[in-house]
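Analysis of the macromolecular model
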Amino acid sequence: MAVHSKQQRLMRGALLLTLAGLFGKVLSAGYRVPLQNIAGDIGFYIYQQVYPILGMAWMISIYGFPMAISSLVARAQARGDSLSVRRFYAPVFMIMIGVSIVLFSIFYFGASAIASFMGDQRLRMPLRVTATVFLLLPFTSIGRGVFQGIDEMTPTAVSQMIEQVVRVLVIISATLFFVGNGYNYYYVGSGAAFGSILGGLAACLVLSFYITKHRSMLLKPSATFIPIGDILRVMVLSGLFLCVNYMLLLLMQFADAFTMISSLKIYGLSLEEAQEMKGVFDRGYPLLQLGTVLASSLALAIVPSVTKKRLENKTTEVQENAGQAMKLSFLISIAASVGLFILLPEVNVLLFTSNEGVFALRVLSVVIVFASMTLTLSSLLQGFGIVFLPAFAVAIGVIVKVILNIVFTPALGITGSGLATLVSICVVFVCNIIVFKKRIPFSLRAYIPWRATIFSLGVMTVTIVVTGGAYSQFIDMQNRQDYVGYCFLTIALGAVSYGVSLLKTGAFTDKELDYFPKSTKLKRLTKRRA
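Owing to the predicted nature of the structure, the values given are computational and were not obtained by experimental measurement. (Residues numbered from 1 in each chain as written. Predicted model: local features only at pLDDT ≥ 70, side-chain atom pairs only at ≥ 80, totals over all residues. Heavy atoms only, no water.)

Across its full length, the protein chain carries 23 helices and zero strands. Relative to its full complement of 530 residues, the protein chain shows a buried share of 54%. Just so you have it, the protein chain exposes about 22800 Å², and 68% of that area is on carbon and sulfur atoms. (Helix = DSSP H or I, 4+ residues; strand = E, 2+ residues; numbered from the N terminus. Buried < 20%, exposed > 50% of the residue type's maximum accessible area, 1.4 Å probe, protein only. Areas by Shrake-Rupley, 256 points an atom, 1.4 Å probe, with all protein chains shown as cover.)

Structure (C-alpha cells):
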C-alpha cells in the first residue's frame, strides 16, 4: 500500500511539473505577440537578440541544474544519508556560485565583443543587464533540485509558474513604459532582462517559503561528505548536457542572433532594414514554439511509461509505446504545420499587424514537424538513460545552422535563414533516429497511418479553404479585427475535420485512444476496418 501511494505521489508530481512546464512554454510564446505589437519589428528584433540568453538561463534553472541536484539528493537518500549545510548544501552552493559567476562574466564583460559579433554595438546595455540573470541560478536551482530529490514537486511547479507570470507582466509593463515615453528601443531589451531578474527573485521568495516550511526535513546532520569531483561531474556534465536537449529552438535563435544581421547586410539591406527584417523573421519562433508544445505535450505523456517498461525489460511494449509517442507527435505536428502554412497570411496580420515575410515564415512552419518529433525522440532517449548523444546531435545541428545561415541568407534573405533552420533541425532529427534505432528495432513507417493522414490532411485543407472563402464573401477583411473571426473559424473547423477524419479512417487503435480525454466517446466515432 505504501509503495502504491508513493507511486501515485510520484505520478502526480510528474504531472504537476509537466503542466507547469507547459504553462511556462505557452506563456513564453504567447507574450511575444503583444510585445511585437507594442515595440514593432525593430523593438522585437532587439528583444530577440537577448531572448536566447534569457531562455538558456531559464532552462538551466528549470531543467539542467535542478535535475542534477535532485540526482545527488536521491543518491544520498539511497545511501541513508541526510542533507546537512556543511556536507551537502555548502559545496553544491559554492560550485553553483562559481558556474554562475563564470556565465555572468562571459556575458557582462564580453558584452561589447558579443554585440560586435551580432553586428550591433548598441546591444551592449541589454546584454549586460541580461548577464545578471545568471547570478540567481544557485538560489532557484538548489531550491528546486532538493525538493525534486525528495519527491516534492509542488514547490518547483509553483515557483516556475510564479516566475513566468511575474516575468511576463514586468516585460510587457516595461515595454509599454519605454515605448510610451519615447525611450530608445534598446531599453526594451533591458526591460526584458529586468523582467527575468524580478521573475527569478519571485521564484526565490516562493522557494524560501517552502524551505522554511519544510526546514526540519531538509536540514539534518550528515555523516557522509559528497566528494567535490562527484558534484562537479553531475552538475556540469549531466545537468548542462541534459539541458541542451531542451534548448534546440533557443540555440537556433542564438545562431540567428550572431549571423543574421551581417548576412542580411551582405544581402543588400541597411542596418535598420536588416534589423526590421530580423524582427519580421523572429515572428515565426513564437508560432513554432506553440506548435511544437502542442504537438509534443501529449506524446511526452507516454515517455514515463517507456522508461518504466524499459526497466522491467519489456522490449516489445517499449517499442510499442515509443511508436505511439512518435505517431502522436507526427499526427499533431503535421496538422499544425499544414494549417499554419495555409493560414499564415491571415495569422500574420492578426497577430503581428502586417503581412511581411510570409514565405520565410511558411518555411519555418514546416519546422514544427521535425522539431516536435526531435523533442519527442530526445525525451525517449533520456528515458533510456542516453543524454550525451542527443546533446551532441543538437551541437551538430547548431553548427550546420550557422554555416547555412552564412551561405543561404546573403543569397535569399530571411527565407535563407528559414531554410537553414529547417535543414539543421532535420539533421538533429536524423541523428536521433539513428541513435534510437541502435537501442531498439524501430521503424517509423510502421507506426504512422500514411493513407489516413494524407486523406485527413486533404479534408482539413479543403475545410480551411472553403470556410475561409465563404467568410471572405461576407466580411470585407479590411481591418485587423476582421481576421479574428476568419482565423478562429478556419482553425476550429479545420482541427475538427482533421480529428474526425483520423477517427473515421481508423488511424488510432483503442489503446492509443485511451491516452485522449473522453476516450469512450471517441471510440464510438471510430470506424474499424475489417
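To continue, consider the packing of helix α17 (residues 388-412) against helix α18 (residues 414-439). Direction vectors running N to C along α17 and α18 enclose 155°, while the axes themselves pass 7 Å from each other. Classified by the angle between their axes, α17 and α18 sit roughly antiparallel to one another. Handedness of the crossing formed by α17 with α18: right-handed. Class assignment for the residues of the contact of α17 with α18 results in 17 nonpolar, nine polar and one charged. (Axes fitted to C-alpha atoms, helices over the stretch in contact; angles between N-to-C directions. Parallel < 35°, antiparallel > 145°, perpendicular 65-115°, else oblique. Left-handed = near helix turned anticlockwise from the far one by under 90°. Nonpolar A, V, L, I, M, F, W, Y, C, P; charged D, E, K, R; others polar.)

Moving on: a nonpolar patch on the surface. Together, Met125, Phe177, Tyr183 and Tyr187 give the surface a local cluster of nonpolar side chains, amounting to about 360 Å² of exposed area. Along the polypeptide, Tyr183 turns up in the loop between α7 (154-180) and α8 (186-213). Overall, Tyr183 belongs to the partly exposed group, its relative accessible area being 38%. (Patch = residues over 30% accessible without salt bridge, like charges linked within 9 Å, V, L, I, M, F, W, Y side chains within 5 Å. Salt bridge = Lys/Arg side-chain N within 4 Å of Asp/Glu carboxyl O.)

Quick look at the side chain of Glu163 now. Looking at the secondary structure, you find Glu163 in helix α7. Beyond its immediate stretch of four places on either side in the chain, Glu163 contacts Trp58, Ile62, Arg144, Gly199, Gly200 and Ala203. (Contact = heavy atoms within 4.5 Å.)

Glancing now at the environment of Pro227. Within the fold, Pro227 resides in the loop between α9 (215-218) and α10 (228-244). Counting along the chain gives 139 residues from Pro227 to Phe88, while the straight-line C-alpha distance between them is 9.6 Å.

Residues Glu272, Glu273, Glu276 and Glu356 make up a contiguous surface patch of negative charge. One can find Glu356 in the loop between α15 (315-352) and α16 (358-383). Given the relative accessible area of 32%, Glu356 is considered partly exposed. (Lys, Arg positive; Asp, Glu negative; His and termini not counted. Charge placed at Lys NZ, Arg CZ, Asp CG, Glu CD.)

Moving on, we get to unusual backbone geometry. In terms of backbone geometry, most residues other than glycine have negative phi values and most peptide bonds are trans. Phi is positive for Thr353, which is not a glycine, with a value near 75°. Mapping Thr353 onto the fold places it in the loop between α15 and α16. When its relative accessible area of 45% is taken as the criterion, Thr353 is described as partly exposed.

The subject of this paragraph is the packing of helix α4 (residues 111-118) against helix α11 (residues 248-267). The N-to-C vectors of α4 and α11 enclose an angle of 50°; their axes lie 7 Å apart at closest approach. In terms of orientation, α4 lies oblique with respect to α11. Contact with α4, carried on its side by Ile114, Phe117 and Met118, involves Ala257, Phe258 and Ile261 of α11 and no other residues of that element. In the contact of α4 with α11, the residues fall into six nonpolar, no polar and no charged.

What follows concerns the pattern of salt bridges. The final tally for this structure, using the stated rule, is five salt bridges. The partner of Asp120 in a salt bridge is Arg122, with the nearest N and O atoms 3.8 Å apart. Of the residues examined, Asp120 reaches a relative accessible area of 3% and is grouped as buried. Residue classification places Arg122 among the partly exposed residues on the basis of a relative accessible area of 47%.

This part is about the packing of aromatic side chains. Aromatic ring pairs: the centre-centre distance and the angle between the two ring planes describe each pair. Going through the model one piece at a time under the given rule, you end up with 19 aromatic pairs. Pairing Phe93 with Phe139 gives two aromatic rings, centres 5.5 Å apart and planes at 65°, and the pair type is edge-to-face. Here Phe93, found in helix α3 (residues 85-109), pairs with Phe139, found in helix α6 (residues 137-149); they are 46 residues apart in sequence, far enough to count as distant. Clustering of aromatic rings is evident, with ring pairs tying together Phe177, Phe178, Tyr183 and Tyr187. For the cation-ring pair, Arg128 lies above Tyr108, with the distance from its terminal atom to the ring centre recorded as 5.7 Å. When the ring centre of Phe341 is taken as reference, the NZ or CZ atom of Arg362 above it lies at 5.0 Å. (Phe/Tyr/Trp six-rings, centres within 6.5 Å; stacked < 30°, edge-to-face > 60°. Lys NZ or Arg CZ within 6 Å of the ring centre and 35° of its normal.)

Further remarks concern the side chain of Thr490. Here Thr490 is to be found in helix α21 (residues 482-504). Within the local environment of Thr490, its side chain forms a polar contact with the backbone oxygen of Cys487, the two atoms lying 3.2 Å apart. When sequence neighbours within four positions are dropped, the list of residues in contact with Thr490 reads Leu343, Ile464, Thr467 and Gly468. (Polar contact = N/O pair within 3.5 Å; in protein donor to acceptor, adjacent residues only side chain to side chain.)

Once that is clear, we can look at α16. With 26 residues, α16 should cover 38 Å at 1.5 Å per step; its first-to-last C-alpha distance of 38 Å lies within 8% of that length. A bend of about 30° at Val367 is the largest found in α16. Of all 26 residues making up α16, 22 are buried, and the element is well covered by its neighbours. Directly after α16, the chain includes Gly385, whose backbone phi takes a positive value near 80°. (Expected span 1.5 Å × (residues − 1). Bend = angle between axes of the 7 residues up to and from the residue.)

Note on placement: Val318 falls in helix α15. Since its relative accessible area comes to 2%, Val318 is described here as buried. In sequence terms Val318 and Ile440 are 122 residues apart; their C-alpha atoms lie 8.6 Å from each other.

Put simply, the protein chain has an average pLDDT of 83, and 84% of its residues get 70 or more. Here α9 stands out as the least confident element of the protein chain, with mean pLDDT 63; α17 is the most confident, with 94. (pLDDT = per-residue confidence, 0-100.)

Turning our attention to the environment of Gly55. Mapping Gly55 onto the fold places it in helix α2 (residues 32-78). As for Gly55 and Leu250, which are separated by 195 residues in sequence, their C-alpha atoms are 6.8 Å apart.

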